[in-house]
Each structure stands twice: as C-alpha cells, then as structure tokens.
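Understanding the architecture of this molecule
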Amino acid sequence: SAVISQKPSRDICQRGTSLTIQCQVDSQVTMMFWYRQQPGQSLTLIATANQGSEATYESGFVIDKFPISRPNLTFSTLTVSNMSPEDSSIYLCSVQTRGVYNEQFFGPGTRLTVL
Amino acid sequence: AQSVAQPEDQVNVAEGNPLTVKCTYSVSGNPYLFWYVQYPNRGLQFLLKYITGDNLVKGSYGFEAEFNKSQTSFHLKKPSALVSDSALYFCAVRDGDSWGKLQFGAGTQVVVTP
C-alpha cells in the first residue's frame, strides 16, 4: 500500500480566489488521480496527473479551472481557480502503484468550503 | 462505457445480524471490481477487490464479496455486523482493458444499531 498525505486538510475560501492542494506519496507510483466528492455525492474523477506532461481531464473539467502539476513520481498539486460556492467539495488524491490489477489508494481528502 | 449501480441509499441492520450491500456493474471488457469504505471526515479505505479467480473474495475487517458474472453483481457481505461498521460504502469498477479510471457507485450508507 501507499501512504498519502494532503495539504491542507480543510480550508474556507472567498469566492473568486484560488486554492492549491498538495498530494504527497511515500513511494513512487505509476498513476495519480484527483477526484471530487460534492456534498452527499459519490466520487467523480477530475483528471489523471501525468508526470512530466499535461494532465488528462475528464469530460466537464478543464485545465483553466483545475490546473494540475506533477513534477515527479511522488508529488502532485491541484489548483481550484476562481472559486465559487459550487466548488465546495472534498477533493481527494488517489494513487495506483505499478500493475494494472492493483487497487487505488486514497488520501484523507481536502474539505473545501467557498463562501 | 462503464457504470456501477448501488440500488440502496441506506441499509439498516442490527448488530450481530448479517450485512449485505448490493452492487451491479456494466463494463465492455473484463470487470475489475472494488469495494471502499468511507468513515466520517475520512478518506476512502480499500476493503477488497475482484480481478480474476475465485468468485468469493475476502477482504479487510471480516468483509467478503461475491462476484456473479451472469447477474453482473458484486455484493458486499459481512456475516455479523458491528456498530463500528456504520459508514458509507462505495462499489467501483474498472474496465480491465483500460488503465486507471475507476467508476464509482453512488454509495450506500450502512447504519448498524446496537
């Protein structure tokens, strides 16, 4: 398994501002993902963070709103830009170690509230 | 395309009774199936997975799940529920032909009463 930490654990932000969430893994991993969990909802994949190249975004998510960086195999950031109250969610980082049969492990999440 | 259905928003069970959380899936290729649990204000914890082999899979905390190909189901079970099992449970599927992307069900809230 992999140990994943996220910073910050929670934040309250004003609309129109941006927040960058960090995800750190204790070992090198093949794939890193960012998910959003809106209040009372399931998880929705935002994007796959690719090391050394642009992230791969899912339908409905764009780079201008959710820029992602992944400078190495153990670290990634997700920025939520120009926030509105609709962005209030839990944002989760997830990793998958080498092997297509392997499960994904999730970080503790970042609880974001936008006022 | 892949999809997951968890038909029950909530399951209520008395402590000591059997617990079942239902999940059905749809994928175009071979299904890789997973169960996760989320406790309040926590991230998701992996419980168990089915990739291939024995249809009955055993996982963490006494949970097991049975893969049924003909019914496209992967129900989560526990013979004797504990109050501490009260949490939100998610079923997820990945098409075996595609890397990474998990499709999650809506989640089922389990409430175990003393």
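All values reported here derive from a predicted model rather than from experimental measurement.

**Focus on the state of the cysteines**
Residue and element names in this part refer to chain A. For the coordinates displayed, the defined rule picks out two disulfides over all chains. Between Cys23 and Cys93 runs a disulfide, and the two sulfur atoms are separated by 1.9 Å. The disulfide joining Cys23 to Cys93 has a torsion of about -65 degrees about its S-S bond and is therefore left-handed. Note that Cys23 is positioned in strand 3 (residues 19–25) and Cys93 in strand 9 (residues 89–96), a separation of 70 residues in sequence.

**Focus on the side chain of A:Thr77**
Residues and elements named next belong to chain A. By secondary structure assignment, the location of Thr77 is in strand 8 (residues 75–80). Within the structure, the side chain of Thr77 is placed 2.6 Å from the side chain of Ser69, a separation counted as a polar contact. Each residue touching Thr77, except ones within four places of it in the same chain, is listed here: Thr20, Ile21, Gln22, Trp34, Pro67, Ile68 and Ser69.

**Considering the nonpolar core**
Formed by 28 residues in total, the largest nonpolar core has its most connected members in B:Leu19, B:Trp35, B:Leu47, B:Leu48, B:Phe74, B:Leu76 and B:Tyr89. Ranked by residue count, the leading element in this core is strand 10 (residues 87–95) of chain B, at four residues. Those residues in contact with B:Tyr89 that sit more than four places away from it in its chain are B:Gln6, B:Trp35, B:Tyr36, B:Val37, B:Leu47, B:Phe63, B:Leu76, B:Gly107, B:Thr108 and B:Val110. Formed by 27 residues, the second largest nonpolar core is a distinct cluster that contains A:Ala55, A:Ile68, A:Met83 and A:Val95.

**A word on the packing of aromatic side chains**
With the rule as written, the count across this model stands at 14 aromatic pairs over all chains. Arranged with centres 5.4 Å apart and planes meeting at 50 degrees, the rings of A:Tyr35 and A:Phe106 form a pair that is tilted. Of the two residues, A:Tyr35 is situated in strand 4 (residues 31–37) and A:Phe106 in strand 10 (residues 104–106); the sequence distance between them amounts to 71 residues. For A:Tyr35, a relative accessible area of 0% translates into the label buried. Residue classification places A:Phe106 among the buried positions, given a relative accessible area of 10%. Ring geometry for B:Tyr50 against B:Phe74: centres 6.5 Å apart, planes inclined by 55 degrees, an arrangement best described as tilted. With B:Tyr50 in strand 6 (residues 44–50) and B:Phe74 in strand 9 (residues 73–78), this residue pair connects regions lying 24 residues apart in the sequence.

**Overview of the pattern of salt bridges**
Between side chains of opposite charge, a pair can form when the charged atoms approach closely. Applying the stated rule across the entire model yields six salt bridges over all chains. For A:Glu58, the salt bridge goes to B:Lys101, with nearest N and O atoms at 2.7 Å. With A:Glu58 in the loop between strand 6 (56–57) and strand 7 (68–72) and B:Lys101 in the loop between strand 10 and strand 11 (103–104), the pair connects residues from two separate chains. Using a relative accessible area of 18% as the deciding quantity, one classes A:Glu58 as buried. The exposure class of B:Lys101 is partly exposed, given its relative accessible area of 32%. The shortest N-O distance in the salt bridge between B:Glu64 and B:Lys58 comes to 2.9 Å. Note on B:Glu64: relative accessible area 18%, which makes it buried. Since its relative accessible area comes to 62%, B:Lys58 is described here as exposed.

Scoring rules and cut-offs
Residues numbered from 1 in each chain as written. Chains lettered and ligands numbered in written order. Predicted model: local features only at pLDDT ≥ 70, side-chain atom pairs only at ≥ 80, totals over all residues. Heavy atoms only, no water. Disulfide = S-S within 2.5 Å. Helix = DSSP H or I, 4+ residues; strand = E, 2+ residues; numbered from the N terminus. Polar contact = N/O pair within 3.5 Å; in protein donor to acceptor, adjacent residues only side chain to side chain. Contact = heavy atoms within 4.5 Å. Core = buried A, V, L, I, M, F, W, Y, C linked by side-chain atoms within 4.5 Å. Buried < 20%, exposed > 50% of the residue type's maximum accessible area, 1.4 Å probe, protein only. Phe/Tyr/Trp six-rings, centres within 6.5 Å; stacked < 30°, edge-to-face > 60°. Salt bridge = Lys/Arg side-chain N within 4 Å of Asp/Glu carboxyl O.

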